[in-house]
Structures are given as structure tokens and as C-alpha cells.
Amino acid sequence: MSCCYNWIRIRRRRRREKGKEDTIVEKRQLWIMQAFDKTDRNGDGFLTFKEIQKLLKSMNMDIGKKYAYNKYQQYTDVNGKGMTKNEFTKYYRDISSRSELIDLFNRYSDGEELSLSNLKDFLIQEQKLDGITDANCKDLILLYEPNDDLKASYCLGIDGFTNLLTSKHADIIKFSHQQKFQDMTQPLCHYYIFSSHNSYLVGHQLIGESSVDAYIDHMQKGVRSVELDCWDGDDGEPVIYHGHTLTSQISFESVIKAIAEYAFVTSCYPVILSIENHCSIEQQRKMAKYFVEILGDKLYNEPIDLSRSDCPSPEDLKYKVLVKGKKLKDEAITEMEISDDDEDDLKLSDVAKEKLKEKRNGKKPKLAVELSRVVNLIQSTHFKNFAEVKKKWKYYNMCSLAESKADGLVKDSASEMVEMNKSHIVKIYPSGFRISSSNYDPQTFWNVGCQMVTMNLQSPGSDTDIYYGRFSVNGDTGYYLKPEFLCNKNTSFDPRKKSKSTVKPIELIVKVISGQQIPKPDKDSKGEIIDPYVKIEIHGVPDDRTGKSTKTISNNGFNPKWGQTLKFRITNSELALIRFSVYDSDAISSDDFIGQNTIPVPSIGEGYRHIFLTSENREKLFPASLFVHITIKKLV
């Protein structure tokens, strides 16, 4: 379909999903009504002008009292009680009208309305939607125009035009990339995989709480790889927690039940359970029993196909749960000693390692054959060197590397890391010194093709923002196809050197036009109007990493207008992400972070776009947004 827009299917799906996910327009209407109800303390359905002033202030709208009162009188019925909810909705729409959208509307319209042909011109010339048809434009008008008369004549008024430009069709992410748009039939090792570290924790690595809800939350967010840190429970039942720490314990069985129920509520693509096994043979057998009985047909339990040279694809493995762990070479025996020199033990603190050593009394850990049997496509293998990987490893062999070791390999052997990751899955996990659950920069390891770059997803910060940004596209599948030069065995790549790939450099031109209802950084702050500015960062290969900021707008969080253009030269756009963030400038202390939005550069839509902001705790700050114009130029 032209422009990758299947318009009729989109309309039908929107109707089916009505109630499941509100449109931007409905969210705005709901937000206005909720704000009204919150201010209406006595619940009589009316707000006095004094209450309206308080409400506007809570919305961070700094409007002159005289102007606000004149408009209040214009929309209030003469009944002496105050303004009703419907009257306030109209009042709010009037005082929050945006001159920049009106100017843009006037540029393309014939007076009071935007005809079908005018809309088509706008979508082609400004939004760069080549191949757009009259039928596509009609669908948009029917979707976003609230006036029945205009809708009947296939025209957009200013309200419909505003609805369109604040909808998913004008989001910073291309509409087609909000759906699954990537090829999902390539080998599993060709994808970045949405992965969490110590998935059971909701806080600190040493004293934090472990929770089954953390796994449910991960599944609902589309995370596709979670960790299960397994230890012997006192009652003979295996438990999950950060061993030999003060973190709380949860039952292994309850976690598997939660995963069985929630694994595919967001994404149909495979879930990988990364087992860190510290259990006795008896409790390992219970683990295997729960995997088989609880997961049932969801458990991928097929024998290894030795005739294959590559791992199956995410498409091949839809609705399947894969267990990552160690595998016995000979299952003719019931149990066998295994190496203790990989992730299972290396992730532990020095104290925990010492306690485990005492418990084993000089003996190596053993693996139960029953647990070995549920491990197949993703077998944990100790990494010694690249030569051994190339010579001996099969497609199902993978390794786990601590961030410090992986960082050293990136610095010393980046091209060899790239080659290994073309055929084998590599998991990176945070250093044990990150006891506060901080994170590293995932881009370092994505640049060399590492698939399972695990993060403490419960922790806020720019690194976490970048991570979520990578998986904010492709329809919440939890998988993101790596660039071709990180998959093709006939090409070479080193992120530290000038790219020899087919990727051409681009110039990304961002005009930051305005902001809408940017909230205060501290909800408890009284009587302050923020001084916002926008920072734009590029994260990618070392040569592309940069950041630029707009000027600061004083005392205006309601509708700050920057009208400022920032330009970025990006040599490898296929690896790059762009992070838009808003700060409140502070002359006395450090500037306060307000919100951000991060997306892969290949998914940026051109033309006029809205960027809706998310807080550091991943809460949507609706309706806070930025209005920008994007131009992408290919460079020679």
C-alpha cells in the first residue's frame, strides 16, 4: 500500500479497539473533564471564576486575569452558579487555541476550511507522504473532523486540522512504524531483544523488594527476555531473589504462572527465560517440572535440529517460551558437574560468592538432566576467545558477558564482536558494583550487534530512556531488526571507524517551534512558572554522538515558542537514536529535568510533528508536548 498506510484497515482496527485505547482527541477531552472534576470540590457541577483561575494555574496556563474573565463571561450561561463542564470544555478550547497551527492552516486552506485537495497537498509537500490518495485523505477527514457538515463535504476545519496534527498520524514516530513494520523472519540473532536485568527487583540490588508483579509489568511492556535468579527455598520449593542479599524472596512457581498468563498479552513473539541456576538437584527437578506443567504448549521443547546453520526466527517462534541455560552434553546420566565460571556465579557479589563456595565445600555445581532437557535453542556457553567461537560454536551456543568485559572487547576487538553477533546471541549484564540499580549506555553494545543488552528497567535515567526508545517502534513486538551490515556475513563493520556500509550520511534539521502545557518539574512547587528549554541529543556510533539546546523561554510553560532550528550531521542513521528532552532552567541550582521522548532515527516522520513527553518514571505527561518541523536530507 502506498506510504505503508493501510488506511481502511486502520479505520476498522480503531473501531475494534474503541475502549481499549483512546485516541489523542479523546484523551484530551477526558483530561479536561478530569481536571474540572478535581477542582469541583463540592461536586455541584459548577466552577466559579476563582475556581477557574485555580484550575488554569494547575494546568500551568499563565493567562491574564482580565482576558480570562472576559472569556469566562462569554462562555458562562447567566445562571449565577458558575461554569459547567461543557462550558469549560469550550472555554478551554478557545483560550488554548494555537496561533502556529492557525497560521499553518491558513497557509493551505481556502479561508475557513481545508479542502480534500488542500489536505492532499499538505500531506505530500509538508509531511512527505508520497503516493497519498484521495481515499486516504477522506479517511483522515472522517476520522478527525468533528463538524458533520465539513465531514460530509470532505473538508477539515481548524478543529479537525488540530486533531490531525495532534494525533498518531502526526506523531514524531512515522505512523507505519508504530505498527509492526520490520521483517520478523530472520534468525533470532539478527534482532535486538528487549531484555531486563534481575527482572524480579523493583529497586535496590541488595535490599530491594522482589515481586511477581515486576514480571507481569515487564510482559505488559513487551519485554521479551527476563532473568530468573533461582535458589533453594527452605521448604523444598525453589525461590527467586538476589542470592545472599537482603532482597525479599518470591516463589519460582508463582513467577512461572505469571509468565504463562502474561507472556503474550502485548507481543506474540518469543519470550526468553534466562535461568541463573544456584539450586540443588532436587529443586532443579522441581523447576523443570513447573516449566513443563505450567507452560505446557507454550514451552519450546523441540530437539535441536543439527541440519540448521541458523537459529529459527521470531516468526517461527511466535507464542513460544524459550529457556536459556546450561545444557548437558550427555543426557544418558541423571546429573553432571558443570562449570561455575560463567554468568550464574560471576554476577554475584564477592560476599555471595564466598558463601556459595562454602556451601559447595569445594564441589562443582551439578545440573539435573530434567532441567537440561528444557534448554535447547539458547544454550549458555563460556566465552573463551573469538577463535573458539568461530571454530566450535553452533548456532544454539550463546554467551553472557559482564559489562566491563564486554566494554573491553568493544574497545579492543569491535569488528570481531560484530562477526560473533551475526551468528550467536550475546547477553550483556550490568556490573555487580551497580548496587543502586544504575545502568550503562546500551548504545555501546548495540553498535557491535549485541542482542540481549539487559538493563535495570526499574531505574530512571537517560540510559533507560534510550533503551525504551529503541523498542518504542515496530508495534511493541519487543524485537528490533539490526541494520543489514550487522547481520550480513559478507560485510565488515567497526563502529569506531568511518562506515564502509551502504548507509549514507544524513542531515537532520529540527525546527523546534513550540511547546504545549509543559508541567512544573516539582508538583509540590508553589507559585512558580517554569523557564523551559529543549535539549536534543543524538546517540549512535562515536562520531555521531552530540547534543544541542534551544534558548530558554522565561516564565512560560503553557505555550513557549522557540522558533529555533538545530541541525545534526549523522553518519550512521540506522544505528542512531534521537532524544528530545525538556528542562526548567535554574540560575541558582542545576536545571530540572521535566520530560523526554526518544526514538530511532529511521522512524522519524518528516514535516510537522508533535512529540509527547514522558517523565523520568515513564509516566505520560499528557498533554505536554513539543511541536516541531523535521527535514531529513541525504548527503553525498
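Remember, predicted model here, so these are calculated numbers, not experimental data. (Residues numbered from 1 in each chain as written. Predicted model: local features only at pLDDT ≥ 70, side-chain atom pairs only at ≥ 80, totals over all residues. Heavy atoms only, no water.)

### Overview of the overall build of the protein
Test applied: A run of H or I in DSSP counts as a helix once it spans at least four residues, and a run of E counts as a strand once it spans at least two, with each numbered from the N terminus. Here's how the labels work: a residue is buried when its accessible area is under 20% of the maximum for its type, exposed when over 50%, partly exposed in between, all with a 1.4 Å probe on protein chains only. Note on contacts: a residue pair qualifies if any of its non-hydrogen atoms lie within 4.5 Å across the two residues. Accessibility throughout is a Shrake-Rupley quantity obtained with a 1.4 Å probe, and a residue counts as covered only by protein chains that appear here.
Counting its regular elements, the protein contains 21 helices and 21 strands. Across the 636 residues in the protein, those meeting the buried criterion constitute 54%. Nonlocal contacts in the protein, meaning residues at least 24 apart in sequence, comprise 72% of its contacts between residues at least 6 apart. With an accessible surface of roughly 28,400 Å², the protein has 48% of that area assigned to carbon and sulfur atoms.

### Considerations on helix 3 (residues 49–58)
Note the threshold: The arc under discussion is defined with respect to the helix axis, by the directions toward the C-beta atoms.
All of the buried residues along helix 3 are F49, I52, L55 and L56. Along the axis of helix 3, the buried residues cluster in a sector spanning 110°; they form a single face. Facing away from the buried side of helix 3 by over 90 degrees, the exposed positions are K50, K54 and S58.

### Remarks on the pairing of strand 18 (residues 577–584)
Selection criterion: At least two DSSP bridges between two strands are needed for those strands to be called paired.
Extensive coverage of strand 18 is indicated by the burial of eight of its eight residues. Burial along strand 18 is two-sided: L577, R579, S581 and Y583 facing one way and I578, F580, V582 and D584 facing the other are all buried. Across eight bridges, the pairing between strand 15 (residues 532–539) and strand 18 is antiparallel. Across the sheet, I536 pairs through a bridge with F580, a residue of strand 18. Note: strand 18 against strand 19 (residues 592–600), eight bridges, orientation antiparallel.

### Comments concerning the environment of Y429
With respect to the secondary-structure elements, Y429 resides in strand 11 (residues 426–429). Taking the C-alpha atoms as reference points, Y429 and S404, 25 residues apart in sequence, are found 9.3 Å from one another.

### Digging into the sheet that holds strand 4 (residues 250–251)
The condition is simple: Lines fitted to C-alpha atoms define the axes, with helix axes restricted to the stretch in contact, and inter-axis angles between N-to-C directions lie between 0 and 180 degrees.
Across the sheet, which stays open at both edges, the nine strands sit in the order 4-3-2-5-6-9-10-11-12 with mixed pairing between neighbours. With partners counted over all chains shown, the strands left at the sheet margins are strand 4 and strand 12 (452–453), one partner each. Against the sheet, helix 14 (residues 281–295) engages strand 2 (225–231), strand 5 (271–277) and strand 6 (321–325), with an angle of about 170° to strand 5.

### Quick look at the pattern of salt bridges
So the rule is basically this: We count a salt bridge whenever a side-chain nitrogen from Lys or Arg sits within 4 Å of a carboxyl oxygen from Asp or Glu.
As enumerated under the stated definition, the model contains 23 salt bridges in all. Here E126 and R107 are joined by a salt bridge, their closest N and O atoms 3.7 Å apart. Highlighted residues: E126 in the loop between helix 7 (116–125) and helix 8 (134–144) and R107 in helix 6 (residues 99–108), separated in sequence by 19 residues. Under the relative-accessibility criterion, E126 is labelled buried at 12%. For K422, the salt bridge is made with E419, and the minimal N-O distance between the two is 2.8 Å. Take K422: its relative accessible area is 0%, and that puts it in the buried class. Among the ionic contacts, a cluster of salt bridges with common partners joins D465, E537, R579 and R618.

### Some thoughts on the packing of aromatic side chains
Put simply, the rule is: The pairing test for Phe, Tyr and Trp rings, Trp by its six-membered ring, is centres within 6.5 Å, and the orientation test on the planes gives stacked under 30 degrees, edge-to-face over 60, and tilted for anything in between. Placement of a positive charge over a ring is assigned whenever Lys NZ or Arg CZ falls within 6 Å of the ring centre and within 35 degrees of the normal to the ring plane.
Under the definition given, this model contains 34 aromatic pairs. Ring geometry for Y108 against F122: centres 5.3 Å apart, planes inclined by 80°, an arrangement best described as edge-to-face. Separated by 14 residues along the polypeptide, Y108 in helix 6 and F122 in helix 7 bring together distant segments of the chain. Residue Y108 is classed as buried on the basis of its relative accessible area of 12%. Ring centres of Y191 and Y479 lie 6.1 Å apart, and the angle between their planes is 85°; on these two criteria the pair is classed as edge-to-face. Residue Y191 is found in strand 1 (residues 191–193), and its partner Y479 is found in strand 13 (residues 479–481); the two are separated by 288 residues along the sequence. The same class applies to Y191 and to Y479, which are both buried. Members of the aromatic cluster, each reached through a chain of ring pairs, are Y192, F194, W446, Y467, Y468, F471 and Y480. The ring of Y480 has R470 sitting right over it, with the charged end atom 4.9 Å from the ring centre.

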